Amino acid sequence: MTPAETRGLWLGLLGVGIFALTLPMTRLAVGTPDAPQLSGVFIALGRAVVAALLSIAFLIATRAPWPRQGDWLPLALTSAGVVFGFPLFTSIAMRHVEAIHASVIVGVLPLATAAVGAALHRQRPSAAFWACAAAGSLLVAVYAATRAQSGLQAHAADLLLLAAMACAAVGYGYGARLAQHMQAEHVICWALVIALPLTLPLAWWTLPRSPVAPAAWAAFGYVAVFSMWIGFFAWYRGLALGGTVRVSQVQLVQPFLSMVFAVPLLGEHLDAQTVMFAVAVIATVFVGRRMPVRPAPPHPAR
């Protein structure tokens, strides 16, 4: 492994450490059905507005160049994945499931990220890779079915979390590709800025009209500044230096870190069944990450 790849892994681990607090903090900000706090829509859009305003200041301070013409579509796809999709789906879902539960559901994110990265880099994962992906997905489905807390409502929340995972994988993949020729910090900044014409009015429209606990506002501040902004500085730089397929492996520790954080922050209970399913999901991801991923054969010349 080259020094650049090693640095990429450490930066990726730093980003994962920051992201690991996202689910517990979102749960704290959104509250529960019995004690609601901020709405999920406001958390998703409001955090993007805060991060976009910070991004404008950062882009000006660093004299960032405008993206190239061919970068706007990948930036829009990155924005759709990590500025809109993942925050919106998780924020709505987290009112109805505990952070520990959600950590298991999104445990297959490393495989999803690797699959998107392989597609973008024209690689061909082996059949064994896809078998591991299917096994991990099946484990998540079984866990969600056995742990449903409120019937159809919990199942709907699990579907939202799976949609969030897919959005994150797409955003990570396109953002990492952009970070190969753009500064990693500028990738997330531009993705946030181009979304501002939508996020700003929608966040204002969903602004809370009733009192909100200070802890919920503090949690909102974390997901706005760290989860939505600073974490991506390290994450995209790590993916660009170490490669999407390799660095996405450090996401293996994210579910466990999220669970550890959820216990003191939210008072949630970590039971043996949840740990067992989490270990099983991570095992499928670990094995799947070691399966061959080959370059696609070149198209025959015409």
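Every residue gets a number counted from 1 within its own chain, in the order that chain's sequence is written. Since the coordinates come from a predicted model, pLDDT governs what is reported: local features require at least 70, and pairs of side-chain atoms require 80 or more to be given and counted, while whole-chain, interface and lining totals use all residues. Each side-chain value is worked out from all heavy atoms of the structure, with water and hydrogens disregarded.

Give a detailed account of the overall build of the chain, specifying residues and quantitative values.
Within the chain one finds 13 helices and 2 strands. The size measure is the radius of gyration over C-alpha atoms, and the globule rule it meets is 2.2 Å times the number of residues to the 0.38 power. A compact globule built from 302 residues should have a C-alpha radius of gyration of about 19 Å, and the chain, at 19 Å, falls within 12% of that. In terms of overall dimensions, the chain has a C-alpha envelope of 65 × 45 × 35 Å along the principal axes. Counting every position in the chain, which comprises 302 residues, the buried fraction comes to 52%. For every accessible area listed, the method is Shrake-Rupley and the probe measures 1.4 Å; residues are considered covered only by the protein chains on display. Summing over all exposed atoms, the chain offers an accessible surface of approximately 13,500 Å²; the carbon and sulfur share of this is 70%. Charged side chains of the chain number 17 positive and 8 negative; the gap between the two group centres comes to 14 Å. Where helices and strands are cited, they refer to DSSP runs of H or I of at least four residues and of E of at least two residues respectively, numbered from the N terminus. Here the term buried applies to any residue with accessible area under 20% of the maximum for its type, exposed to any over 50%, and partly exposed to those in between, with areas from a 1.4 Å probe on protein chains only. Within this scheme the basic residues Lys and Arg register as positive and the acidic residues Asp and Glu register as negative, but His and the chain ends are omitted. For charged residues, the charge sits on one atom: NZ in Lys, CZ in Arg, CG in Asp, CD in Glu.

Now, about the side chain of Asp158: what can you tell me, with residues and values included?
Positionally, Asp158 belongs in helix H8 (residues 152-178). Side-chain atoms alone can form a polar contact between residues adjacent in sequence; in general such a contact is a pair of N or O atoms within 3.5 Å, and within protein one must be able to donate a hydrogen while the other accepts it. At a separation of 2.8 Å, a polar atom in the side chain of Asp158 contacts the side chain of His101.

Could you give an account of a nonpolar patch on the surface, naming the residues involved and the relevant values?
Nonpolar side chains collect at one region of the surface, where Phe256, Val263, Leu270, Val275 and Val279 lie side by side and expose about 330 Å² of accessible area between them. Where the nonpolar patch is concerned, the elements lending two or more residues are helix H12 (254-266) and helix H13 (272-289). By relative accessible area, Phe256 is classed as partly exposed at 32%. Residues with no salt bridge and a relative accessible area higher than 30% make up the patches, which join like charges within 9 Å and nonpolar side chains (Val, Leu, Ile, Met, Phe, Trp, Tyr) within 5 Å. What counts as a salt bridge is simple: a side-chain nitrogen of Lys or Arg found within 4 Å of a carboxyl oxygen of Asp or Glu.

So what about the pattern of salt bridges? Which residues, and what values?
By the definition in use, this model includes 1 salt bridge. Close ionic contact of Asp71 with Arg68 constitutes a salt bridge, the shortest N to O distance being 3.7 Å. According to the relative accessible area criterion, Arg68 is exposed, its value standing at 51%.

Before we move on, can you summarise helix H6 (residues 109-120) with the specific residues and values?
Helix span is expected to be 1.5 Å times the residue number reduced by one. The first and last C-alpha atoms of H6 sit 16 Å apart over 12 residues, in line with the 16 Å expected at 1.5 Å per residue. Within H6, 11 of the 12 residues are buried, which leaves it mostly tucked inside the rest of the structure. Burial in H6 covers these residues: Leu109, Pro110, Leu111, Ala112, Thr113, Ala114, Ala115, Val116, Gly117, Ala118 and Leu120. Remark: Arg122 follows H6 within two positions and exhibits a positive phi of approximately 55 degrees.

Could you give an account of the nonpolar core, with specific residues and numbers?
Buried Ala, Val, Leu, Ile, Met, Phe, Trp, Tyr and Cys residues form a nonpolar core when they are joined through side-chain atoms within 4.5 Å. Core analysis: the largest hydrophobic core is formed by 81 residues, its most contacted members being Val83, Met94, Tyr172, Leu192, Phe232, Trp235 and Tyr236. The element contributing the most residues to this core is helix H10 (residues 214-242), with 12 residues. Contacts are assigned to residue pairs with any non-hydrogen atoms lying within 4.5 Å of each other. Setting aside residues no more than four positions away along its own chain, Trp235 makes contact with Leu11, Gly12, Gly15, Val16, Phe19, Tyr172, Val247, Ser248, Val250 and Gln251. Among the nonpolar cores identified, the runner-up in size contains 8 residues, and Ala114, Ala133, Leu252 and Val285 belong to it.

Kindly report on helix H3 (residues 40-61), identifying the contributing residues and their values.
An ideal rise of 1.5 Å per residue puts 32 Å on 22 residues; H3 measures up with 32 Å between its terminal C-alpha atoms. Directly beyond the C-terminal end of H3, a positive phi value near 50 degrees is found at Arg63.

Any chance you could break down the side chain of Thr26 for me, citing the residues and the numbers?
Relative to the elements of secondary structure, Thr26 occurs in helix H2 (residues 22-30). Classification of Thr26 as buried rests on a relative accessible area of 1%. Other than its neighbours up to four places away in sequence, Thr26 contacts Ile43, Arg47, Thr90, Ser91, Met94 and Val223.

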